[in-house]
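Each chain, letter by letter, is given below.
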Amino acid sequence: DFDQIERLKPRLANPDFYDKTKPFYDQLSSTIADRFNCPSSYYHFLGYETIYFLGSMLHQYGKYFQNGFLKEGKVDGQLMMGFEYGLKKDNQVVPIVTLKGYRLIPVDE
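Residues numbered from 1 in each chain as written. Predicted model: local features only at pLDDT ≥ 70, side-chain atom pairs only at ≥ 80, totals over all residues. Heavy atoms only, no water.

(A) A look at the nonpolar core. The biggest cluster of nonpolar side chains holds 8 residues, and these are Tyr18, Phe24, Tyr25, Leu28, Ile32, Phe45, Leu79 and Met80. Among the elements that make up this core, the one with the highest residue count is helix 2 (residues 23–36) (4 residues). In this structure Leu28 touches Phe45, Tyr48 and Leu79, once residues within four positions along its chain are discounted. Of all hydrophobic cores here, the second largest spans 5 residues; its members include Phe53, Phe69, Val75 and Phe83. (Core = buried A, V, L, I, M, F, W, Y, C linked by side-chain atoms within 4.5 Å. Buried < 20%, exposed > 50% of the residue type's maximum accessible area, 1.4 Å probe, protein only. Helix = DSSP H or I, 4+ residues; strand = E, 2+ residues; numbered from the N terminus. Contact = heavy atoms within 4.5 Å.)

Dropping the structure here:
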């Protein structure tokens, strides 16, 4: 049961994790429900985070925004843990979570 798992204090890699406790979560979720007349899903949040990240990189570095990946390092996300590409072609941020109070929460880095 969950109590046994919580006592073990597991650390889980969860690349699909987004933080439902952030204030922006409720705002974005209600905006999605109002605009598209459907409940929000992981893909809505992933799409929002990706477009927000790429848009801010375009705004900051222009058409060669990918060169900014090296300069920026880790960029925090609005709901997810963030992005960090560097020389890689894949996001290097993989959230580590644990179970507390029947919820997944991020482990402090």
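(B) Expanded view of the pairing of strand 2 (residues 96–100). Alignment of strand 1 (residues 12–13) against strand 2, held across 2 bridges, turns out to be antiparallel. Its bridge partner lying in strand 2, Ala13 is registered against Ile96. Sheet analysis places strand 2 next to strand 3 (residues 103–106), joined by 4 bridges and oriented antiparallel. Residue pairing for strand 3: Lys100 is matched across the bridge by Arg103. From the end of strand 2 to the start of strand 3, which pair antiparallel, there are 2 residues, and Gly101 there has a positive phi angle of about 60°. (Pairing = 2+ DSSP bridges.)

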